[in-house]
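Structure at a glance
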Amino acid sequence: MYAERASRLPGAVVWSRVPGPPAPGADSGRAASGGGPGEPPATPVAAVLPDGCMDLLWTEGRLLVAGPDTGPYVPDEVSSGGGWAGVRFFPGTAPTYLGVPAGELRDRRVELTDLWAASEVRRLAARIDAADDPVTALEDVALRRAADTEQPDPVLLDVVAALDAGRPVARTADELGLGARQLHRRSLTAFGYGPKTLARVLRLQRALALARDGVPFAETALRAGFADQAHLARDVRELAGATLGELVARR
């Protein structure tokens with residue numbers, strides 16, 4: 001079962017996933033194979049779609065970081081692997097808090113010990129493991145880290161706001177007083193990819209929100225900023241690995 005809520009860290013989201021019963025009718029891949037004889041089938045885990053964010057992750061004794069995705073990511077973890085929790089940082093903020101350029105983690109999941117001192121990570125993991133509420137304990141780690149670091153560059157937050165509003169990349173750069181190369185370089189560090197890719201990812205998320213609210217796909221395409229419904233279908237397939245109808249049905 002998946003649940004999320006707004007974090008006490010501005011712009012962030014705290015989420016958790018705990019093992020649940022296998023989905024009815026699961027008939028493919030890990031979802032259908034289960035383990036050995038007598039073992040229950042594994043619970044299928046929905047693909048994580050690109051959203052411009054990075055996550056700090058916890059699962060029983062481990063702390064990891066999920067970098068920015070450019071395509072669908074299907075977690076290996078299934079119901080037998082225990083619960084998971086995460087803090088999903090607002091786009092462009094995690095590199096400041098975690099101390100690593102987003103581009104180095106693009107389409108990757110890495111142990112936090114690869115980024116921070118191993119002794120510190122073990123201490124934090126043990127504290128979260130022992131907490132009555134590991135989700136809140138993980139959030140506390142993120143809050144303390146944010147309090148001990150510089151604040152994210154507000155210009156990069158303006159980039160997210162402008163692109164999420166559908167403004168073209170060139171216009172965004174001009175309005176913020178940035179050259180095209182400067183915007184691209186700073187975007188690689190903050191988001192893990194250039195501003196054009198970020199714009200596509202944010203547009204995908206706008207389309208998903210509209211479609212899941214029941215807006216017809218043709219209208220969704222226009223309101224989200226696509227040229228037409230065919231353009232929407234191509235972009236969704238490329239970024240999410242599925243059709244818009246499949247994504248809406250999975251929710």
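Everything numeric here is computed off the predicted structure, so don't read it as measured data.

So, on to the sheet that holds strand S1 (residues 2-6). One open sheet accounts for six strands, arranged S1-S2-S5-S3-S4-S6; its pairing is antiparallel. Among the strands making up the open sheet, the edge pair consists of S1 and strand S6 (109-111). When the angles between neighbouring strand axes are averaged without regard to direction, this sheet yields 20 degrees. Relative to strand S5 (residues 84-88), strand S3 (residues 55-59) is paired through four bridges, and the arrangement is antiparallel. Following the sheet pairing, Trp 58 is matched in S5 by Ala 85. Sitting on the sheet, helix H3 (residues 118-130) touches S3 and strand S4 (62-66), and the angle it makes with S4 is about 110 degrees. Running over the sheet, helix H4 (residues 134-147) touches S1, strand S2 (13-17), S3, S4 and S5 and is turned about 35 degrees from S5.

Time to look at unusual backbone geometry. Despite not being glycine, Asp 107 has its phi angle at roughly 60 degrees, a positive value. Along the chain, Asp 107 falls in the loop between helix H2 (94-98) and S6. The exposure class of Asp 107 is partly exposed, given its relative accessible area of 39%.

Along helix H9 (residues 217-224), the residues that are buried comprise Thr 220, Ala 221 and Ala 224. Around the axis of H9, the buried residues are gathered within 100 degrees of arc, so they sit on the same side. Residues Leu 222 and Arg 223 are exposed on H9 and point more than 90 degrees away from its buried face. For H9, the elements touching its buried residues are helix H8 (195-212) and helix H10 (229-240).

Quick notes on the rules
Within every chain, residues take consecutive numbers counted from 1 along the sequence as written. Restriction of local features to residues with pLDDT of at least 70 applies here, the model being predicted, together with a cutoff of 80 or more for giving and counting side-chain atom pairs; totals for whole chains, interfaces and linings are based on all residues. Side-chain figures throughout are based on the complete set of non-hydrogen atoms in the structure, without hydrogens or water. Strand pairing requires that DSSP identify at least two bridges connecting the strands. Numbering goes from the N terminus for both helices and strands, where a helix is a DSSP run of H or I of at least four residues and a strand is a run of E of at least two. Note on geometry: axes are lines fitted to C-alpha atoms, helical ones only across the stretch in contact, with angles between N-to-C directions running from 0 to 180 degrees. The contact rule is simple, with two residues in contact once any of their heavy atoms fall within 4.5 Å. Exposure categories follow from relative accessible area, calculated using a 1.4 Å probe and restricted to protein chains: below 20% of the type maximum is buried, above 50% is exposed, and the middle band is partly exposed. The arc in question is the one spanned by the directions pointing from the helix axis to the C-beta atoms.

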